[in-house]
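# Structural description and commentary
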Amino acid sequence: MNNLLPFIKKELKAYFYSPIAYIVAGVFLGLVGYFFYSSMQGFSMQAVQFSASTSEITGFNPTNVIMKGLFRSMGTVFVLLTPLITMRLIAEEKRARTMELLMTSPLSIMTIIAGKFIAALIIYSIIIMSTIYIPLTIEYFSTVSWTHVFTGYLGLLLIGMAMISVGVLCSAVTDKQVIAAVLTIGILVLFWFIGGGIGGHTENITNIMRELSLFSHFENLYSGLLDTRDIVYLLSFAVVALFLSHRVLESGRWK
């Protein structure tokens, strides 16, 4: 722990001194802002149309119409942006020949991986939480289910942990940042659409693939369903990817 905190601070400084974090934040917030504006416009137009109807519209509220779609969009956007955050984590150390110094320093491999993972997760969390203005804006003009909002942001945090862990693993297997980013995107897209857009030949296989899907577990959370199975799966996914990262670096040390 004594070595971990200074190492996390070092990694965070590298992010703040690099334009990558600011580019990712700018692109993400720009897209989310556009999605929010479009969703508000669509909700307002539907509300005007439904106001003329005498029948009760079930489930038509800002939480279901606006927030659910925004949470889904935020998760999908980060499938493509997470590799930009993680591609340099270990690949850059290998390219700059500083990985040997880290491996021979008092830092353990677990500390190196944990420090880089936590630093990336902090940057991710800062970017995600900068969208808190959205439910606050909705609450100002209407009402929003804060329980639903909590589960949505919890889902974003957990899916972020899973995606960042994949990025750490891909960055550990190569010294090329571009290759690490492409590998990360490929794996994340596979686990995002598996069981849905990428299905099996039979219903049973499709159901199994859906259980392996990151999106299906994330979907339950941003839909307001707090199930421990989804939490355990996403955490386990991250742990397995980080364990594999540890094994990759450990094998490199012996070589």
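In short, a report on the structure.

Within the chain, the secondary structure is distributed over 12 helices and 0 strands. Written out in order from the N terminus, the α and β elements of the chain read α-α-α-α-α-α-α-α-α-α-α-α. Split into buried and exposed, the 255 residues of the chain put 44% on the buried side. Restricting to contacts in the chain with at least 6 residues of sequence separation, those with at least 24 account for 76%. Split by element, the accessible area of the chain, about 13,200 Å² in all, is 68% carbon and sulfur. Between the mean site of the 16 positive side-chain charges and the mean site of the 13 negative ones, the chain shows a separation of 11 Å.

This next bit is on helix α11 (residues 214–222). Where burial is concerned, most of α11 is hidden: 7 out of the 9 residues are buried. Every buried residue of α11 is listed here: Leu-214, Phe-215, Ser-216, His-217, Phe-218, Leu-221 and Tyr-222. Taking the backbone nitrogen of Phe-215 as reference, a side-chain oxygen 3.1 Å away marks Ser-213 as the first, capping residue of α11.

With that settled, the discussion passes to the packing of aromatic side chains. Any aromatic ring pair is given by two values, namely how distant the centres are and how the planes are angled relative to each other. Under the criterion given, the structure shown has 12 aromatic pairs. Seen in terms of ring centroids, Phe-71 and Tyr-153 are 5.2 Å apart; in terms of plane orientation they differ by 85 degrees. Their pairing is edge-to-face. Placement of Phe-71 in helix α3 (residues 62–86) and of Tyr-153 in helix α8 (residues 146–172) is noted, with a sequence separation of 82 residues between them. When sorted by exposure, Phe-71 lands in the same class as Tyr-153, which is buried. Look at Phe-218 and Tyr-222: their rings are 5.0 Å apart centre to centre, the planes differ by 65 degrees, and that puts the pair in the edge-to-face class. On the criterion of helical spacing, the pair formed by Phe-218 and Tyr-222 is a turn pair, its members being 4 residues apart in helix α11. Among the aromatic residues, those joined into a cluster by ring pairs are Trp-192, Phe-215, Phe-218 and Tyr-222.

A few words on the pattern of salt bridges. A complete count under the given rule lists 7 salt bridges for this structure. Each of Lys-10, Glu-11, Glu-93 and Lys-116 takes part in one network of salt bridges that share partners.

Together, Phe-16, Tyr-17, Tyr-22, Ile-122 and Ile-126 line one region of the surface with nonpolar side chains, adding up to about 570 Å² of accessible area. Elements supplying a minimum of two residues to the nonpolar patch: α1 (4–17) and α6 (109–129). Of note, Ile-122 is situated in helix α6. Taking the relative accessible area as the measure of exposure, Ile-122 reaches 31% and is therefore partly exposed.

Next up on the list: the side chain of His-148. Its place among the elements puts His-148 in helix α8. Residues contacting His-148, with those up to four places away along its chain left out, are Thr-63, Asn-64, Lys-68, Phe-71, Tyr-222, Ser-223 and Gly-224.

This next bit is on the nonpolar core. Ranked by size, the top nonpolar core spans 68 residues in total, and within it Phe-28, Phe-78, Tyr-124 and Leu-214 carry the most contacts. A total of 13 residues in this core trace back to one element, the largest contributor, which is α8. Apart from residues no more than four positions distant in its own chain, Tyr-124 is found in contact with Phe-78, Leu-156, Leu-157, Ile-159, Gly-160, Met-163 and Ile-164.

Each value, and the rule that gives it
- Residues numbered from 1 in each chain as written.
- Predicted model: local features only at pLDDT ≥ 70, side-chain atom pairs only at ≥ 80, totals over all residues.
- Heavy atoms only, no water.
- Helix = DSSP H or I, 4+ residues; strand = E, 2+ residues; numbered from the N terminus.
- Buried < 20%, exposed > 50% of the residue type's maximum accessible area, 1.4 Å probe, protein only.
- Contact = heavy atoms within 4.5 Å.
- Areas by Shrake-Rupley, 256 points an atom, 1.4 Å probe, with all protein chains shown as cover.
- Lys, Arg positive; Asp, Glu negative; His and termini not counted.
- Charge placed at Lys NZ, Arg CZ, Asp CG, Glu CD.
- Polar contact = N/O pair within 3.5 Å; in protein donor to acceptor, adjacent residues only side chain to side chain.
- Phe/Tyr/Trp six-rings, centres within 6.5 Å; stacked < 30°, edge-to-face > 60°.
- Salt bridge = Lys/Arg side-chain N within 4 Å of Asp/Glu carboxyl O.
- Patch = residues over 30% accessible without salt bridge, like charges linked within 9 Å, V, L, I, M, F, W, Y side chains within 5 Å.
- Core = buried A, V, L, I, M, F, W, Y, C linked by side-chain atoms within 4.5 Å.

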